[in-house]
Amino acid sequence: MAAPTINEGAAVHHKPFFLWRHLNKLRWLTLIIVFAMLVLLPFLHIYQTYTAAHAYDLLSPGEKQLYDVMESIAAPFVSDPAEDLDAVKGNTWSGSFWGFKISDPLAALGQVAASLSLYWPFLLTALVPILATIIFGRFFCGWICPATFIYELNSNFASWLRWAGIRVGNRRFDKRIKYGVLALGLILSAVSGSVLAGVVYPPAIIGREIYYTIAQGGLGAGTIFFLGTLLFDILVARRGFCRYLCPGGALYALLGRYRLVRIRRIAETCNDCAKCNVVCEFDLDPLRDGFGQECNNCTACIAICPTDALTFTIRPSDYPEQGPGHLGQLYRKQQATEDTDAAS
Amino acid sequence: MERRTFLQALVASAVAAAAPSTAALAASRSSLRYLRPPGALQEQEFLEHCIHCGQCGEICPNRCINYFGMENGLGSIDTPYIIPREQGCILCMKCGEVCPTDAITEIERDFEAILSGVDMGHARVDESLCLSFQGKTCGVCYRACPLPDVAIYVGRLEQPHVTDECVGCGLCERSCIQLPQAIRVFPTRA
């Protein structure tokens, strides 16, 4: 019969609820919300312009449909759409929320490089992200970046291709290349006197291009560049752009080098299965306690760990390598030889 | 994209950027008659400040703000511009409010503040094209102007005369019923 045996029941009861395991779902939720907002905001803007012009009767049937849908979305929150919807504008590169402006640290740095001066009213808008990065590390890359949303789906797509027998690229480069790209972007900005660092930065590109596509009636040059990075990720290196080339990721990694909140491995419950290393989008080495400044706290390794051997900790540096997991064969062999050594 | 190709592209853009100031290059292209949003800094300073975030266009209720691709040089890629013939600026001043870097300075939506603070361009009337100067009473530009009798006044037969107070919003050019338009706004970029 299908009735559970006593043992199975006991196992279910003994498995404790482990919150960090579920953060990966929350992360996907935030990625989806951020991306959905980037799509929704241009539509809301178009709706705003219609209301500002009092032009409902002049709209085409398609535009009326857009108007009606946006009205049903916005109506519960605003009384005067033409004015009240101005509260939330922008994208992850730079946005404003009820007058509070937040900008990407790369935007701030790029602007300093381009103007060769410090304009504090703008630099202060990057303060919140910088502080959050000092605490949580490169979390933007894993939790907010709208490009990550596409890149991770692209990464999954590549693994389907691999499953279907199509060869996809999995080359590895030096992760320090991206610091060179960052330096080059800043030098270009300084030489040209224009913030060019954002031109090769996918989250900035995506925010703009979604807006151009919806509200400006056309894609810009950024989309071609972004499609190029997607191809690069499939054909050359998995998540290659984020790992090796992204200037913003480089800046976040530098800021988050001594981050306080980081993932650690619990050697006592680890069984050396190496699923964490396989699932890691950034090619890190959780199995040997190698996270470093590149880790974006995405928690994919925590979610996949079968023995809950990965957890969060508050520590300004990684644990030194703890050796093989205590539930793994290697550790047991080591123990056995140590025992025999002790006996002899 | 191969890494080498990518690096080559970066080097190529470095060379393009190193060629004497892309902004100067852009300014020399007189065929591109565009305005920057109201309250924008002088061209070079504007480019140094603008981070290409696109919020000015996203808040513009008149949808007059467009964005450059590569056509005006790499330096002004993704920066905002206004083509008055396509859509003029209604001087709502929201873009300056939302601009995080003050590349578009914040100017109060007030008659005096706009007159003293906004200088996007200046309208010029081509009398050989203007209907009113041909004896056909028109006056559309005068009625479109947000600053009537200050920036523009009409004389006999509704003949328009632009004063020095004109801020260059482009609504007159947008509304002109002549083709090619008889009143045009020329940017006051340095």
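Residues numbered from 1 in each chain as written. Chains lettered and ligands numbered in written order. Predicted model: local features only at pLDDT ≥ 70, side-chain atom pairs only at ≥ 80, totals over all residues.

## Observations concerning the domain arrangement of chain A
Residue and element names in this part refer to chain A.
Now for step 1: The assigned domain composition of chain A is domain 1 (18-90), domain 2 (92-259) and domain 3 (260-344).
Now for step 2: The C-alpha centroid of domain 3 is placed 29 Å from the C-alpha centroid of domain 2.
Now for step 3: Taken residue by residue, the interface counts 18 residues in domain 2 and 14 residues in domain 3.
Now for step 4: Broken down by secondary-structure element, the contributors of at least two residues to the side of domain 2 that touches domain 3 are helix H7 (127-136), helix H8 (139-143) and helix H9 (146-163).
Now for step 5: Here the side of domain 2 that touches domain 3 takes three residues from H8, the largest share from any one element.
Now for step 6: Among the residues forming the side of domain 2 that touches domain 3, the class breakdown is six nonpolar, four polar and eight charged. (Domains from an automatic or database assignment. Contact = placed C-beta atoms within 7 Å. Helix = DSSP H or I, 4+ residues; strand = E, 2+ residues; numbered from the N terminus. Nonpolar A, V, L, I, M, F, W, Y, C, P; charged D, E, K, R; others polar.)

## Describing the packing of helix H5 (residues 105-115) of chain A against helix H10 (residues 177-192) of chain A
Residues and elements named next belong to chain A.
Now for step 1: Between H5 and H10, the least distance of the axes is 6 Å, while the angle of their chain directions is 40°. The angle between H5 and H10 falls in the class oblique. For the pair H5 and H10, the sense of crossing is right-handed. Along the contact surface, H5 presents Leu109, Gly110, Ala113 and Ala114, while H10 presents Gly185, Leu186, Ser189 and Ala190. (Axes fitted to C-alpha atoms, helices over the stretch in contact; angles between N-to-C directions. Parallel < 35°, antiparallel > 145°, perpendicular 65-115°, else oblique. Left-handed = near helix turned anticlockwise from the far one by under 90°.)

## Some remarks on the interface of chain A and chain B
Now for step 1: In this assembly, 49 residues from chain A lie in contact with 40 residues from chain B.
Now for step 2: The dominant element in the side of chain A that touches chain B, judged by the number of residues it contributes, is helix H2 (residues 23-53) of chain A, at six residues.
Now for step 3: For the side of chain A that touches chain B, the residue count by class is 24 nonpolar, 21 polar and four charged.

## A closer look at the sheet that holds strand S3 (residues 100-103) of chain A
All names here are of chain A.
Now for step 1: Strand order in this open sheet of three strands is S1-S2-S3, and the pairing throughout is antiparallel. The open sheet has two free edges, formed respectively by strand S1 (88-90) and S3, since each of these has just one partner strand. Neighbour-to-neighbour, the strand axes of the sheet open up by a mean angle of 15°, direction not taken into account.
Now for step 2: With three bridges connecting them, S1 and strand S2 (residues 94-97) associate as antiparallel partners. Paired with lysine 89 across the strands is serine 96, a residue of S2. (Pairing = 2+ DSSP bridges.)

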